[in-house]
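# Report on the structure
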Amino acid sequence: MADRDRDTGTEAAVTLAALYRAHADLVWRALLRLGVPEHAAEDLVHEVFLVARRRLGSYEPARASASSWLYGLARGVAANWRRAHDRGRRRLAAVEPWVGDVDPEHELARSRASALVETFLAGLDPEQREVFVLCEIEGLRGAEIAACLGLGPNQVYSKLRLARRHFVEFLAGHGVRIDPEAR
């Protein structure tokens, strides 16, 4: 009996290792887009894969792609982290800012662009935001997004169309033009 359990565990570990190699970057980016700062993202990537290991037996590849399934797990881990972080932040009066070795001009431009996108995303309806991030930033297809979020494909495409229109309008309002043919 113990040998059979050990074999199953080894088999699951190999599958988990393959999932990690193929999707760790996606999970890391998803966590960042879900509000987790870079300094905590690596630990939470491992947390997502620990949850994946526990739930590997219930994963059904026919229902959702591995990236959709892992994104759903990342959403839960990020939500738990944000709740814990908010509790901790309320307890702390001050937080020391991170200082790194970077080119100040490049960092300023990157920071401004990132802030502009984050401002746009913060103003979107939460479901539009998730659909927009999954499609435009993570590169998931409509069917994968629908499976991941539990929406119908038409709902996904409708939310994506609206989010894209809002994005173009938002950028135009901030003096940034997008070439519609560049897509």
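Residues numbered from 1 in each chain as written. Predicted model: local features only at pLDDT ≥ 70, side-chain atom pairs only at ≥ 80, totals over all residues. Heavy atoms only, no water.

Along the protein, the regular secondary structure elements total seven helices and zero strands. Each helix (α) and strand (β) of the protein, taken in turn from the N terminus, gives the series α-α-α-α-α-α-α. By element, 53% of the accessible surface of the protein is carried by carbon and sulfur atoms, the whole surface being about 12300 Å². (Helix = DSSP H or I, 4+ residues; strand = E, 2+ residues; numbered from the N terminus. Areas by Shrake-Rupley, 256 points an atom, 1.4 Å probe, with all protein chains shown as cover.)

On to the nonpolar core. The tendency in soluble globular proteins is for nonpolar side chains to be buried as a group. If you look at the biggest cluster of nonpolar residues, it comprises 47 residues, and the most contacted ones within it are L31 and L70. At nine residues, the largest contribution of residues to this core is made by helix α3 (residues 66-91). Ignoring any residue separated from it by four or fewer positions in sequence, one finds L70 in contact with L19, H23, V27, V48, F49 and A52. (Core = buried A, V, L, I, M, F, W, Y, C linked by side-chain atoms within 4.5 Å. Buried < 20%, exposed > 50% of the residue type's maximum accessible area, 1.4 Å probe, protein only. Contact = heavy atoms within 4.5 Å.)

For the rest of this paragraph, the subject is the confidence of the model for the protein. On average, residues of the protein score 82 in pLDDT, and 83% of them reach the 70 mark or higher. Of all secondary-structure elements in the protein, the lowest mean pLDDT belongs to helix α1 (residues 2-33), at 71, while helix α2 (residues 38-55) reaches the highest, 93. Low pLDDT (under 50) marks residues 1-14, which in the prediction has three contacts with non-local residues, meaning those over four places away or in another chain. (pLDDT = per-residue confidence, 0-100.)

All told, the structure shown has six aromatic pairs when counted by the stated rule. On the basis of an interplanar angle of 55° and a centroid distance of 5.4 Å, the ring pair of F132 and F167 is categorised as tilted. Taken together, the residues F132 in helix α5 (residues 126-137) and F167 in helix α7 (residues 153-173) connect sequence positions 35 residues apart. Grouping residues by exposure puts F132 and F167 together as buried. Each member of the aromatic cluster is reached from another via a ring pair, and the members are F120, F132, F167 and F170. (Phe/Tyr/Trp six-rings, centres within 6.5 Å; stacked < 30°, edge-to-face > 60°.)

Moving on, we get to the pattern of salt bridges. Pairing between side chains becomes possible if they bear opposite charge and their charged atoms approach one another. All told, the structure shown has nine salt bridges when counted by the stated rule. With its nearest N and O atoms 2.8 Å apart, the salt bridge here joins R75 to E130. With R75 in helix α3 and E130 in helix α5, the pair connects residues that are 55 residues apart, well separated along the chain. Judged by relative accessible area, R75 falls into the partly exposed class, the value being 31%. When its relative accessible area of 17% is taken as the criterion, E130 is described as buried. Of the charged contacts in the structure, one is a salt bridge between E144 and R141, with a shortest N-O distance of 3.3 Å. Given a relative accessible area of 58%, R141 falls into the exposed group. Residues joined by salt bridges that share partners form a network here, namely E38, E107 and R110. (Salt bridge = Lys/Arg side-chain N within 4 Å of Asp/Glu carboxyl O.)

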